[in-house]
Amino acid sequence: MRTVRFHENGEPVDVLRLETVPVPEPGPGRIRVAVHACGLAPADWALCRGLFPGSLPRGIGCDVSGIVEAVGAGVTDVAVGDRVFGTADFGGQPSAGAADRAVLDHWFPVPEGLDLTRAAALPMALSTASWHLARLGLAADLTILVNGAGTTVGYAAVQIALVRGARVIATAGRTYAEQLRDLGATVVGYGEGLAERLKALGVGQVDLVFDTAPPSGALPELVEVVGGDPHRVLTCSDLAAAPEIGVRDTFHEDPAKRTDDELFGVFPEFAQLAAEGRFTVPVAGTFPLADWRTALEISLTGHARGKLLLLPAVGADQPQPRTGDR
């Protein structure tokens, strides 16, 4: 099968290769799928650069949808032929989701009405947003500001918070401002002067802030927005600046609380909402697996404006690359 992976750490444009490798077998508690779609994210490029180091080679593409081909020992909740979406076992396999076939470590049925392409956009945005909102202590009747609501994680967080009964203020640019208003969020422009713009809108007290925007020096003003209490701000993006001013960040939250239920427990609920047209992660573009480098280049600009998906079945009849072809 074809797969995109790296054999050494470094810049993704330098170390990633499209290769031909043996089809993997699912071990105990794992399944293998024929990949319909695979989502790419900045986390993939961080893996290339050395995040979560482990054995090499290693693949990219955590978000996966596809058709079950094989099940490992102990797996009883799916059968060959089922439509599923979930996460690739990128740490336990020498390849991941950006491939013709992938071994999954977490999976859920794709409900009727949800196509496999849209399903592949859900896992990382949904798990990241829901976990961070849980860590913040989001509850009904609280007011939360989602900074960077035009990102895939931010867009998911806005919808989750609204479903949970919270009042949502979203900072966003023009691309998704109207859609966010239609969802029920109060939308305000991002950037310097945020606190003053919120006062002018008369939105009242902001209880919590979830920061998903690319680092821009906004954290001090986000602390100001919540009355000066940095513990009420949690960022998943500006990990370098957060500790300096006491803002909470992804990697300093208690790892013991990152349970499977907290990370993945919301998947069935929001997959069903997606099937009903009541939840979505925006898709910015789809690409054949052979065009993975185009998707990479768009992602590295920081302006993808939605999820980028590889579709391995598209163009699969093209000549297979030799091992090591770039």
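Please read these numbers as outputs of a predicted model, since none were measured by experiment.

Conventions adopted
Residues numbered from 1 in each chain as written. Predicted model: local features only at pLDDT ≥ 70, side-chain atom pairs only at ≥ 80, totals over all residues. Heavy atoms only, no water. Core = buried A, V, L, I, M, F, W, Y, C linked by side-chain atoms within 4.5 Å. Buried < 20%, exposed > 50% of the residue type's maximum accessible area, 1.4 Å probe, protein only. Helix = DSSP H or I, 4+ residues; strand = E, 2+ residues; numbered from the N terminus. Contact = heavy atoms within 4.5 Å. Arc of directions from axis to C-beta. Pairing = 2+ DSSP bridges. Salt bridge = Lys/Arg side-chain N within 4 Å of Asp/Glu carboxyl O.

Our next topic: the nonpolar core. Generally speaking, nonpolar side chains in soluble globular proteins are found buried as a group. Grouped together as the largest cluster of nonpolar side chains are 46 residues, with contacts concentrated most on Phe85, Leu114, Ile144, Val158, Leu180 and Phe279. Elements with a minimum of two residues in this core: helix 3 (116–120), helix 4 (123–136), strand 8 (143–147), helix 5 (152–163), strand 9 (167–171), helix 6 (174–183), strand 11 (208–211) and helix 11 (267–275). Once residues within four sequence positions are removed from consideration, Phe85 is found in contact with Val64, Ser65, His106, Trp107, Phe108, Pro109, Val110, Ala119, Leu122, Pro123, Phe267 and Ala271. Residues Val15, Val68, Ala96 and Leu289 belong to the second largest nonpolar core, which totals 32 residues.

Here we come to helix 12 (residues 292–300). Residues spaced three or four apart along an α-helix face the same direction, because each turn holds 3.6 residues. Every buried residue of helix 12 is accounted for by Trp292, Ala295, Leu296 and Ser299. Projected onto a plane normal to the axis of helix 12, the buried residues spread over an arc of 105° and lie on a single side.

Excluding glycine, a negative phi dihedral is what most residues carry, and trans is how most peptide bonds are arranged. Cis geometry is found at the peptide bond from Leu56 to Pro57, where omega equals 5°. Tracing the chain through its elements places Pro57 in the loop between helix 2 (42–48) and strand 4 (58–59). Positive phi, close to 50°, is recorded for Phe52, a residue that is not glycine. Examined against the element boundaries, Phe52 turns out to sit in the loop between helix 2 and strand 4. The residue Asp141 is not glycine, and still its phi comes out positive at about 75°.

So, on to the sheet that holds strand 4. One open sheet accounts for 3 strands, arranged 2-1-4; its pairing is antiparallel. Each edge of the open sheet is held by one strand with a lone partner, namely strand 2 (16–20) and strand 4. In this sheet, strand 4 lies alongside strand 1 (residues 2–6) in antiparallel orientation, the contact comprising 2 bridges. Bridge pairing in strand 4 links Phe6 to Arg58.

Let's shift gears to the pattern of salt bridges. Per the stated rule, a full pass over the model turns up 14 salt bridges. One salt bridge in this structure joins Lys307 and Asp63, with 2.9 Å as the shortest N-O distance. Note that Lys307 is positioned in strand 15 (residues 307–311) and Asp63 in strand 5 (residues 63–71), a separation of 244 residues in sequence. The salt bridge involving Glu178 is made with Arg181; its shortest N-O contact spans 3.7 Å. Of the two residues, Glu178 and Arg181 are both situated in helix 6; the distance of 3 residues between them amounts to about one turn of the helix.

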